[in-house]
Amino acid sequence: MNTANKRIIILGAGYGGLFLATNVARYMKEKTGEIILVDKNPYHQLLQEIHLVAAGFRTANDVKIPILGLIEGMNIKFIQSTVKQIRPDTNQVILESAKIHYDLLIICLGASTKYFDIKGAEENSLPLRSITDASLIYDRISSIVNSDKKQSVVIVGGGATGVSLGGALSDFINENRKSDSISVTIIEALPTILSGWDKRLVMKVEEVLLEKGIRIIKRSPVAKVEKNADGSDDDGNNDIFLSDEGKSKIQSSLTIWTAGIKGYNIPINPEVEKTKDGKIILNEFCQIDRYPNVFSIGDIAAVRDDTGKLYPPIAQIAVREAKYLSDLIPKHFGNEDTSAASHPLSVDKKFEYTINVQLISLGNDDYVGFINNHVISGNLAKLVEEFSQSAYIKTLKSGGRDVLNTSLYGDDTFSHILSGITFAQFTFVKWLKKHSLV
Ligand SMILES: Cc1cc2nc3c(=O)[nH]c(=O)nc-3n(C[C@H](O)[C@H](O)[C@H](O)COP(=O)(O)OP(=O)(O)OC[C@H]3O[C@@H](n4cnc5c(N)ncnc54)[C@H](O)[C@@H]3O)c2cc1C
């Protein structure tokens, strides 16, 4: 089969899509294939940092990377458009601006907020899934700190997003408050915040949040959210009813909904199998079984580990899946026997990844995490966070050519050794800079 002029379309330039595009571009020479990257925005959003925008510790521009600047000189064509529909039966993607054909499609459209059909939740709260959302929260929180009235900020959902946002907002309020009567509350339906995370880390996170003055209410699913009965709804004041037969009601001047996410709802015709959270069900190669030339990664993708558990919706997994596919796709395109109808990956190893490092941001400059089973906080956690952000950007910009930084995304012994060396080098350079030696 002639492999020339094959077209790979990557939908979404988030953590999964952009990393995949830049890392696969170096293998795909113009004569072997064309890579088209599609996003509704002209920029990549550093979503992991948007809670800091919501709290005014970063500007919107700090967490935007213009896509065209980043991919300059790479074999990637960027189309800024909204994806409207996917037609795997005819290998077509329907964009707002055009209809395009693909040979290989990778869906990386991320997630959206899930409201669990809870009455009033969507109408009466703000979500946090984009830079725009974060800017709206910042506007509201700025007027809250400038008010001398009693104010309460309520975050519904004590997962990573809610907890990070709570820490950041609390720092902002403590630094800028005009009145002492501004409270921050996190409401969690389950018996613990950060469900599924290491218990020692959860304890440390709770300790930090409590020190910041945040109230945490657990085992309390929200039943409904209503506009405040006093009629002061212009300010967004709400009554939040908890599921204890309506006995508990919490008043809120600003309600932020971080209680759940679902796969981004993109129409795929004919329909493909999805989980109840709207994630596309994939095989162990991140591939739709029925359509072997369609893959998906990141928050929209439902890929199971060896124990049958879904990989969590975190950037770390989106990027690892992107790295996995960027190693796999060139093989697929180089295979003379490959056709869209055959199973191109039967000889390849499946996607596998063990999470050994996890970090959570708890404010302007606070991180807690664990590395290889050890809980870390303070300067060490901050250093690891800075290192992983720096490696991410360098790997994106170099399209995986920066071997030392890219080694962070490998899951083999050699990569682990290399990333250890890179971390040591990063730490040393930081130390030199701190002491004005470079
Ligand atoms: C506040 C916050 C903090 C977080 N902190 C962490 C953390 O500390 N660590 C961690 O690992 N993860 C964290 N996450 C989760 C992480 O951001 C996601 O897991 C990650 O972004 C998923 O990557 P993705 O590529 O699947 O989707 P995204 O990064 O969301 O990218 C999806 C892309 O698709 C585009 N898009 C969507 N719909 C369309 C459409 N119809 N047409 C065209 N383009 C479209 C979007 O513009 C976006 O660029 C955090 C998330 C939030 C919100």
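Further remarks concern the overall build of the chain. Secondary structure summary: the chain contains 10 helices and 26 strands in total. By the compact-globule yardstick of 22 Å for 438 residues, the chain fits well, its C-alpha radius of gyration being 23 Å. Projecting the C-alpha coordinates of the chain onto the three principal axes gives extents of approximately 70 × 60 × 40 Å. When burial is assessed residue by residue, the chain has 44% of its 438 residues classed as buried.

By a widespread convention, an interface's size corresponds to the accessible area lost as its parts come together. Once the domains are mapped, the chain shows domain 1 (6-112 + 262-353), domain 2 (126-259) and domain 3 (365-438). With 7 residues of domain 2 at the interface, the matching set in domain 3 holds 6 residues. Partitioned by chemical class, the residues of the side of domain 2 that touches domain 3 number 3 nonpolar, 1 polar and 3 charged.

As summarised here, the arrangement of the 5 strands in space is β11-β18-β12-β13-β14, forming an open sheet in which the pairing is parallel. Since the sheet does not close on itself, it has two edges, and those belong to β11 (126-127) and β14 (215-217), each with one partner. As defined by bridge partners, strand β13 (residues 182-187) adjoins β14 across 3 bridges and the pair is classed as parallel. For T185, the partnering residue across the bridge sits in β14 and is R215. Of the strands in this sheet, β12 (151-156), β13 and β18 (254-257) touch helix α5 (residues 160-176), which is tilted by about 175° from β13.

So, about the packing of helix α8 (residues 378-398) against helix α10 (residues 413-434). Where α8 contacts α10, the two axes come as close as 10 Å, and the packing angle between them is 110°. Considering the angle they form, α8 stands roughly perpendicular to α10. Contact residues: L383, F387, S390 and A391 in α8; T422, F423, F426 and T427 in α10. Here the contact of α8 with α10 is built from residues that sort into 5 nonpolar, 3 polar and no charged.

Okay, the pairing of strand β2 (residues 33-39) next. With 5 of its 7 residues buried, β2 lies for the most part within the structure. Where strand β1 (residues 6-11) meets β2, 6 bridges bridge the pair, whose relative direction is parallel. Within the sheet, the bridge partner assigned to K6 lies in β2 and is G33. Where β2 and strand β5 (residues 76-80) come together, 5 bridges link them in parallel fashion. Paired with I36 across the two strands is K77, which belongs to β5.

A few words now on helix α6 (residues 199-211). Over its 13 residues, α6 runs 18 Å from end to end, which matches the ideal 18 Å to within 8%, given 1.5 Å per residue. Residues L201, V202, K204, V205, V208 and L209 constitute the buried set of α6. Taken down its axis, α6 places every buried residue within 165° of arc, on the same side. Opposite the packed face of α6, turned more than 90 degrees from it, sit the exposed residues K199, R200, E207, L210 and E211. Along its buried surface, α6 packs onto α5, β14, β24 (357-361), β25 (367-371) and β26 (374-377).

Near the ligand there are 36 residues, and of these G12, G14, G16, G110 and G298 occur at the shortest range. Residue assignment for the shell around the ligand shows that the elements contributing at least two residues are α1 (15-25), β2, α2 (50-54), α5, α7 (315-334) and β24. Of the residues assigned to the shell around the ligand, the class counts are 17 nonpolar, 15 polar and 4 charged. Counting residues domain by domain, the shell around the ligand receives three or more from each of domain 1 (6-112 + 262-353) and domain 2 (126-259).

Two elements, strand β15 (residues 222-227) and strand β16 (residues 238-242), share 5 bridges in a ladder whose sense is antiparallel. Bridging from a neighbouring strand, V222 pairs with L242 of β16. Two elements, β16 and strand β17 (residues 249-252), share 4 bridges in a ladder whose sense is antiparallel. Pairing of N238 across the sheet is with S252, part of β17.

One finds I10, L20, C286, I297 and L325 to be the most contacted residues of the largest nonpolar core, which totals 61 residues. Of the residues forming this core, the biggest block, 8 residues, is contributed by α7. Every residue in contact with I10, bar those within four places of it in the chain, is listed here: G17, L20, A21, I35, L37, I106 and C108.

Further remarks concern the sheet that holds β24. Judged by pairing direction, the sheet is antiparallel, and its 3 strands sit side by side in the order β24-β25-β26 without closing on themselves. Sheet topology places β24 and β26 at the edges, where each strand pairs with a single neighbour. In this sheet, adjacent strand axes meet at a mean angle of 15° when their direction is disregarded. Contacts between α6 and the sheet are confined to β24, β25 and β26, with β25 contributing the most and set at about 170° to the helix.

Our next topic: the environment of A21. Within the element layout of this structure, A21 appears in helix α1. A21 sits in the buried class, given 32 other C-beta atoms within 10 Å. A C-alpha to C-alpha distance of 7.9 Å links A21 and S326, two positions 305 residues apart in sequence. Discounting residues that sit within four places of it in the chain, A21 has contacts with I10, I35, L37 and I76.

Another aspect to go through is α5. With 17 residues, α5 should cover 24 Å at 1.5 Å per step; its first-to-last C-alpha distance of 24 Å lies within 8% of that length. Burial runs high along α5: 14 of the 17 residues are buried.

Conventions and cut-offs
Counting of residues starts from 1 at the beginning of each chain's written sequence and follows it residue by residue. In view of the model being predicted, local features appear only for residues whose pLDDT reaches at least 70, and side-chain atom pairs are presented and counted only at 80 or more, with totals across whole chains, interfaces and linings using the full set of residues. Here a helix means four or more residues in a row that DSSP labels H or I, a strand means two or more in a row labelled E, and each is numbered from the N terminus. Only C-alpha atoms enter the radius of gyration; for comparison, a globular chain is expected to reach 2.2 Å times N to the power 0.38, where N is the number of residues. Exposure is read from a count of other C-beta atoms within 10 Å of each residue's own; the residue is exposed at 12 or fewer, buried at 20 or more and partly exposed in between. C-beta atoms are placed from the backbone. Per the annotation, domain bounds derive from an automatic or database assignment of domains. Think of it this way: build a C-beta for each residue from its backbone, and any pair within 7 Å is a contact. Basically, the charged four are Asp, Glu, Lys and Arg, the nonpolar ten are Ala, Val, Leu, Ile, Met, Phe, Trp, Tyr, Cys and Pro, and anything else, Gly included, counts as polar. Any two strands are treated as partners once DSSP identifies two or more bridges connecting them. Convention adopted: a line fitted to C-alpha atoms gives each axis, helices being fitted over their contacting stretch, and angles between N-to-C directions are expressed from 0 to 180 degrees. Orientation is classified from the angle alone, with under 35 degrees giving roughly parallel, over 145 giving roughly antiparallel, 65 to 115 giving roughly perpendicular, and any other angle giving oblique. Helix span, as expected, comes to 1.5 Å for every residue beyond the first. Note that the arc is computed from the directions linking the helix axis to the C-beta atoms. We count a residue as near a molecule or strand when its backbone-placed C-beta atom lies within 6 Å of that partner. Core membership is restricted to buried Ala, Val, Leu, Ile, Met, Phe, Trp, Tyr and Cys residues, and these are joined into a nonpolar core through C-beta atoms within 7 Å.

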